[in-house]
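Understanding the architecture of this molecule
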Amino acid sequence: MGQRPGERAAWRERGLAVSVRTAASQGGFEAMVAAGLPVVRDAGFTEIEPGSCTFVADAPWLAGRVARP
């Protein structure tokens, strides 16, 4: 479990490419947040409530390091 050798290096070599997706459901998004994945929380400088989780990061090397839903 955990990071497979070279995954982060390969990602870096590809220019740190990312894909952004909308969660299939609010429950699915909340489950990813509860799993312990890295999250981004709003600072309150927009109309979004301060502290709201707006983004959840997932990557292959996180496998086995968080409780998946």
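Structural notes, computed from the coordinates.

Looking at unusual backbone geometry
You will see that leucine 16, though not glycine, has its phi angle at about 60°, which is positive. Its place among the elements puts leucine 16 in the loop between helix H1 (7-13) and helix H2 (26-34). The partly exposed category is assigned to leucine 16, whose relative accessible area is 42%.

Let's talk about the environment of threonine 54
Within the secondary structure, threonine 54 is located in strand E2 (residues 53-56). Using a relative accessible area of 38% as the deciding quantity, one classes threonine 54 as partly exposed. Separated by 13 residues in the primary sequence, threonine 54 and arginine 41 place their C-alpha atoms 5.8 Å from one another. If sequence neighbours within four positions are ignored, threonine 54 has contacts with Phe29, Val40, Asp42 and Ile48.

Some thoughts on the side chain of aspartate 42
Locating aspartate 42 in the fold gives a position in the loop between strand E1 (39-41) and E2. Arginine 41 provides the closest opposite charge to the buried, salt-bridge-free aspartate 42, at an N-O distance of 11 Å. Here the side chain of aspartate 42 touches threonine 46 through a polar contact of 3.4 Å, side chain to side chain. Sequence-distant contacts of aspartate 42, that is, excluding residues within four places in its chain, are made with Ile48, Glu49, Pro50, Gly51, Ser52 and Thr54.

Calculation criteria
Residues numbered from 1 in each chain as written. Predicted model: local features only at pLDDT ≥ 70, side-chain atom pairs only at ≥ 80, totals over all residues. Heavy atoms only, no water. Helix = DSSP H or I, 4+ residues; strand = E, 2+ residues; numbered from the N terminus. Buried < 20%, exposed > 50% of the residue type's maximum accessible area, 1.4 Å probe, protein only. Contact = heavy atoms within 4.5 Å. Lys, Arg positive; Asp, Glu negative; His and termini not counted. Salt bridge = Lys/Arg side-chain N within 4 Å of Asp/Glu carboxyl O. Polar contact = N/O pair within 3.5 Å; in protein donor to acceptor, adjacent residues only side chain to side chain.

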